[in-house]
Amino acid sequence: MTDQGLFIDGSWSDRAERTPQYDTWTREQIGTVAVGTAADTTKAVDAAYRAMRTPWPVHARAEALRRAAGLVAERAESLAQLITAEVGKPITAARGEVARAVETLHWSAEEAKRLPGERVPLDAVASGEGTFAFTQPVAKGVVAAITPFNFPINLLLHKLGPALAAGCAVVVKPSDHAPLTAGLMVGIFEEAGVPAGWLNLVTGPPQEIVGALQADDRVAVVTFTGSGRVGWALKAQAPRKDYVLELGSNTAMVVAADADIARAARAAADASFVYAGQACVSLQRLYVDRAVAEEFVAALTDIVRTMPVGDPRLESTVVGPLISDDATKRLESWIDSAKQSGARILTGGAVTDGLLPPTILTDVPADHPLVCEEAFGPVLSVLTVDGLADAIAQVNAADYALNTSIYTSDIATAMKYANEAEAGTVLINMPPSYRADHMPYGGVKGSGQGREGVRYAIADLVREKLLVLHA
């Protein structure tokens, strides 16, 4: 059992009030977490702001990130086991997350040494003769990193890695569902040699802690992954700050009449139900050309019915528990509501022993929450369309636009979809849940603003200072 404190200005400290943490599957207590306050948050910002007054050289930042990558690799299994306990992620998926986290840290170390600047030819105008000008990237300031539960290590590192690479000190507020994982990672950064103040961790009531971060003008950038409701509210509260907002989605995929049905069905099953659909890019809306709908649905349901469900510690498990009973009850009510509105359940749909199995519905009304809001669970709506134009119109009707994909054997169809689909990323003959950790990643419309993917995240954390010299 772990009893975790706050980490402020290079040291751990306890608090009288503590919150218990429980295993998502067994419900056994696995630790306790200190309950921080607004005053603790201000102390953390004090430390971060003070740390940035003393330069931390690029080579030292890169070396600390490399050492952290090595420590994560050495402790991969214990990290994966903690992820599984804390958020119920199946152990094979948890190991995959840790492996990706190592890559994210290596990318961050490399990009720390590639911060761009460029010469500006001021002598292109007469008044600039005899001058030499260039831009220099400068860290914007203290970063508040507000992280989600579903990828408690890798999404944390997609905020910490780029921030430290860019020369920004950080205050982390982790999800209440995954504070122990965040604390373990902060301990790794401490061991890797990150100087005092450059990384701080405050756990406790989200409204109080985030409110203190929002109210503090020394926090220059807020990087947040979570719901659209919370993300846009944060921006409205303190509009002068800069924001990287990775928000929700109800991810769409299109299966054209000429698609490889078996390949598309396998991709759809994995994209929808791995880790119980608890990813921003988990497939939720599947638009199938009417000409192949019957064949495709049969292939898809055959795959989904055999997906292993249950204990996330078993190597074979693909679909484990949702993060909370409230999340399960919400989806259960949405499924019941869809049935009452005329939808048909093809597989799943009933909660058994507190676990919602992979669920496929069809004939779901276009205005139902399962289609137009974010489900964030193992529920897929399969909808028929009449041709590509109809598919594009329905895909674009959503307020969300993160990733989307199409399966087709025709390059013209693929390019038309790529050009007209509204999304941050369009994938061709690939699942919409795909993400590589160095690629630009982020949405448009209600899905957020800014980009992750280490180099692209750094661009949102630095500003260009122009230096002009006259001979």
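Definitions and limits used
Residues numbered from 1 in each chain as written. Predicted model: local features only at pLDDT ≥ 70, side-chain atom pairs only at ≥ 80, totals over all residues. Heavy atoms only, no water. Salt bridge = Lys/Arg side-chain N within 4 Å of Asp/Glu carboxyl O. Helix = DSSP H or I, 4+ residues; strand = E, 2+ residues; numbered from the N terminus. Buried < 20%, exposed > 50% of the residue type's maximum accessible area, 1.4 Å probe, protein only. Lys, Arg positive; Asp, Glu negative; His and termini not counted. Polar contact = N/O pair within 3.5 Å; in protein donor to acceptor, adjacent residues only side chain to side chain. Contact = heavy atoms within 4.5 Å. Axes fitted to C-alpha atoms, helices over the stretch in contact; angles between N-to-C directions. Parallel < 35°, antiparallel > 145°, perpendicular 65-115°, else oblique. Nonpolar A, V, L, I, M, F, W, Y, C, P; charged D, E, K, R; others polar. Pairing = 2+ DSSP bridges. Expected span 1.5 Å × (residues − 1). Arc of directions from axis to C-beta. Phe/Tyr/Trp six-rings, centres within 6.5 Å; stacked < 30°, edge-to-face > 60°. Lys NZ or Arg CZ within 6 Å of the ring centre and 35° of its normal. Core = buried A, V, L, I, M, F, W, Y, C linked by side-chain atoms within 4.5 Å.

A. Representation of the pattern of salt bridges within the structure. According to the stated counting rule, one finds 27 salt bridges in the structure shown. Note that Lys159 and Glu452 form a salt bridge whose closest N and O atoms lie 3.0 Å from each other. Of this pair, Lys159 sits in helix H5 (residues 154-166) while Glu452 sits in the loop between strand S22 (448-449) and helix H15 (454-459), and the two are 293 residues apart along the sequence. For the salt bridge of Lys445 with Glu422, the shortest nitrogen-to-oxygen distance reads 2.6 Å. Taken together, the positions of Lys445 in strand S21 (residues 444-445) and Glu422 in the loop between helix H14 (411-420) and strand S20 (425-428) put the pair 23 residues apart, joining distant regions of the chain. Residue class for Lys445 comes out partly exposed when judged on its relative accessible area of 33%. Connected through shared salt-bridge partners, Glu110, Glu111, Lys113 and Arg114 make up one network.

B. Representation of the side chain of Glu374 in the model. Mapping Glu374 onto the fold places it in the loop between helix H12 (369-372) and strand S17 (379-385). Of the side chains with opposite charge, Arg330 lies nearest to the buried Glu374, which makes no salt bridge, at 7.4 Å. Side-chain polar atoms of Glu374 contact the backbone nitrogen of Ser249, separated by 3.1 Å. Once residues within four sequence positions are removed from consideration, Glu374 is found in contact with Gly248, Ser249, Asn250, Cys280, Gln284, Arg330, Trp334 and Tyr400.

C. Local environment of the side chain of Glu452. Owing to a relative accessible area of 2%, Glu452 belongs among the buried residues under this scheme. Within the structure, the side chain of Glu452 is placed 3.2 Å from the side chain of Arg435, a separation counted as a polar contact. When neighbours within four sequence positions are excluded, Glu452 is seen to be in contact with Leu155, His158, Lys159, Thr223, Thr225, Glu246, Arg435, Met439, Pro440, Tyr441 and Ala457.

D. Layout of the packing of helix H4 (residues 91-112) against H5. Across the interface, H4 lies against H5 with an axial gap of 9 Å and an inter-helix angle of 10 degrees. When the axes of H4 and H5 are compared, the pair comes out roughly parallel. Within the contact between the two elements, H4 uses Glu97, Arg100, Ala101, Thr104, Leu105, Ser108 and Ala112 and H5 uses Asn154, Leu157, His158, Gly161, Pro162 and Ala165. Residues that form the contact of H4 with H5 fall into these classes: 6 nonpolar, 5 polar and 2 charged.

E. Spotlight on the sheet that holds strand S6 (residues 119-120). Read across the open sheet, the 3 strands follow the order S6-S7-S23; overall the sheet is antiparallel. In the strand order of this sheet, the two ends are held by S6 and strand S23 (462-470), each with one partner. Inspection of the sheet shows strand S7 (residues 131-139) paired to S23 by 9 bridges, in the antiparallel sense. The partner of Gln136 across the bridge, within S23, is Lys465.

F. Local environment of helix H1 (residues 38-51). Under the 1.5 Å per step criterion, the end-to-end length of H1 is 20 Å for 14 residues, consistent within 8% with the ideal 20 Å. Among all positions of H1, only Asp40, Thr41, Ala44, Val45, Ala47, Ala48 and Ala51 are buried. Along the axis of H1, the buried residues cluster in a sector spanning 160 degrees; they form a single face. If you follow the buried residues of H1, they end up packed against strand S2 (6-8), strand S8 (142-146), strand S9 (170-173), strand S10 (199-201), helix H7 (206-215) and strand S11 (219-225). Where H1 begins, one side-chain oxygen reaches toward the backbone nitrogen of Ala39, 3.3 Å away; that side chain belongs to Thr37.

G. Quick look at the packing of aromatic side chains. A full pass over the atoms with the stated rule returns 5 aromatic pairs. Each ring, one from Trp56 and one from Trp198, has its centre 5.1 Å from the other, and the planes form 50 degrees; the classification is tilted. In this pair, Trp56 is assigned in the loop between H1 and helix H2 (58-74) and Trp198 in the loop between helix H6 (179-192) and S10, connecting sequence segments 142 residues apart. For the pair shown, Trp56 and Trp198 are each scored as buried. Seen from their ring centres, Phe149 and Phe376 are 6.0 Å apart, and the 85 degrees between their planes marks the pair as edge-to-face. Linking Phe149 in the loop between S8 and H5 with Phe376 in the loop between H12 and S17, this pair joins segments that are 227 residues apart in sequence. The ring of Tyr275 has Lys89 lying over it, and the distance from NZ or CZ to the ring centre is 4.7 Å. Positioned above the aromatic ring of Tyr441 is the side chain of Arg435, whose terminal nitrogen or guanidinium carbon lies 3.8 Å from the ring centre.

H. Molecular detail of helix H11 (residues 325-340). Between its terminal C-alpha atoms H11 stretches 23 Å, which fits the 22 Å expected from 16 residues at 1.5 Å a residue. Within H11, burial applies to Ala327, Thr328, Leu331, Trp334, Ile335 and Ala338. The buried side chains of H11 occupy one side of the element, clustering within an arc of 125 degrees when seen end-on. Across H11 from its buried face, at more than 90 degrees, point the exposed residues Asp326, Lys329 and Gln340.

I. View of the nonpolar core. If you look at the biggest cluster of nonpolar residues, it comprises 136 residues, and the most contacted ones within it are Phe189, Leu286, Phe296 and Leu300. With near-sequence residues (within four places) excluded, Leu300 lies in contact with Ala265, Ala268, Ala269, Leu286, Ile360, Leu380 and Val382.

J. Here's a closer look at the sheet that holds strand S13 (residues 252-255). Here we have 7 strands laid out as an open sheet, ordered S15-S16-S17-S14-S13-S19-S20, and mixed in their pairing. Edge positions in the sheet fall to strand S15 (344-347) and S20, since each of these pairs with one other strand and no more. For this sheet, the mean angle separating the axes of adjacent strands, direction not counted, is 25 degrees. Strand direction decides the pairing type here: strand S16 (residues 359-362) and S17, joined by 4 bridges, are parallel. Residue pairing in the sheet places Leu361 in a bridge with Ser381 of S17.

That is the geometry; function is a separate question.
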